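Listed here are the chains, written in short residue letters.
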Amino acid sequence: MLSGATGKRFYYVFSSLFRMISFIGLLIAYIVVRIVVNPPIDWLNTLLLSLSLLSLATSVFNMILCGFTAIQYKEKFAIQFICFLVTMLTGGIISSTFTGIAVFTKVQKDDIKNEGIFNTKTFKNKDGNYDEETKG
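Here the residue numbers are simple positions, counted from 1 along each chain's written sequence. pLDDT decides what is reported in this predicted model: residues at 70 or higher carry local features, side-chain atom pairs at 80 or more are listed and counted, and totals for whole chains, interfaces and linings draw on all residues regardless. By convention in this description, side-chain values take in all heavy atoms of the structure and omit both hydrogens and water.

A. Representation of helix α2 (residues 42-66) in the model. Helix and strand assignments follow DSSP, with helices taken as H or I runs no shorter than four residues and strands as E runs no shorter than two, numbered in order from the N terminus. Between the first and last residue of a helix there are one fewer steps than residues, each counted as 1.5 Å, and that sum is the expected span. End to end, α2 covers 36 Å across 25 residues, agreeing with the expected 36 Å (1.5 Å per residue, within 8%). The complete set of buried residues in α2 reads Asn45, Leu48, Ser52, Ser55, Thr58, Ser59, Asn62, Leu65 and Cys66. Against α1 (4-36), α3 (70-75), α4 (77-89) and α5 (93-103) lie the buried residues of α2. Only protein chains enter the accessibility calculation, which uses a 1.4 Å probe; a residue is then buried when its area is under 20% of its type maximum, exposed when over 50%, and partly exposed in between. Any pair of residues with heavy atoms lying within 4.5 Å of one another is described as a contacting pair.

B. View of the nonpolar core. Ranked by size, the top nonpolar core spans 13 residues in total, and within it Tyr12, Leu65 and Tyr73 carry the most contacts. Contributing elements (two or more residues each) for this core: α1, α2, α3, α4 and α5. Broken down by element, the residue count for this core peaks at three residues, all from α1. Every residue in contact with tyrosine 12, bar those within four places of it in the chain, is listed here: Asn62, Leu65, Cys66, Tyr73, Gln80, Thr99, Ala102 and Val103. To form a nonpolar core, buried Ala, Val, Leu, Ile, Met, Phe, Trp, Tyr and Cys residues must be joined to one another through side-chain atoms within 4.5 Å.

As structure tokens, this is what we get:
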């Protein structure tokens with residue numbers, strides 16, 4: 001099993017992929033029901049369209065979470081948890097599972113250190129220490 005920030009990114013990408021597949025499937029179902037069913041069933045059309053659009057939204061949300069840095073994964077747990085809840089409520093067992101695994105995967109301290117953010121003017125790390133190579 002993957003761990004750390006890389007694992008989180010992997011699981012968010014796969015969750016986003018499955019959400020996109022779900023979006024396409026629900027959109028096709030909406031179009032078929034809209035064309036075939038006569039007289040139209042308004043609640044079914046509304047349900048399929050809203051689930052389709054929510055699947056697209058959560059797919060984009062998961063893709064945005066894939067671009068987080070290790071520090072953001074550690075500091076912004078609430079955003080990740082909201083994404084998990086929305087993904088779970090809009091359906092998709094596989095994508096909800098991948099999102100849940102991603103949310104509850106712990107970020108390791110080595111990931112944060114390896115992805116240290118530098119100030120390009122002073123070459124200081126986020127914690128204020130100078131980089132080892134630029135000490136001169």
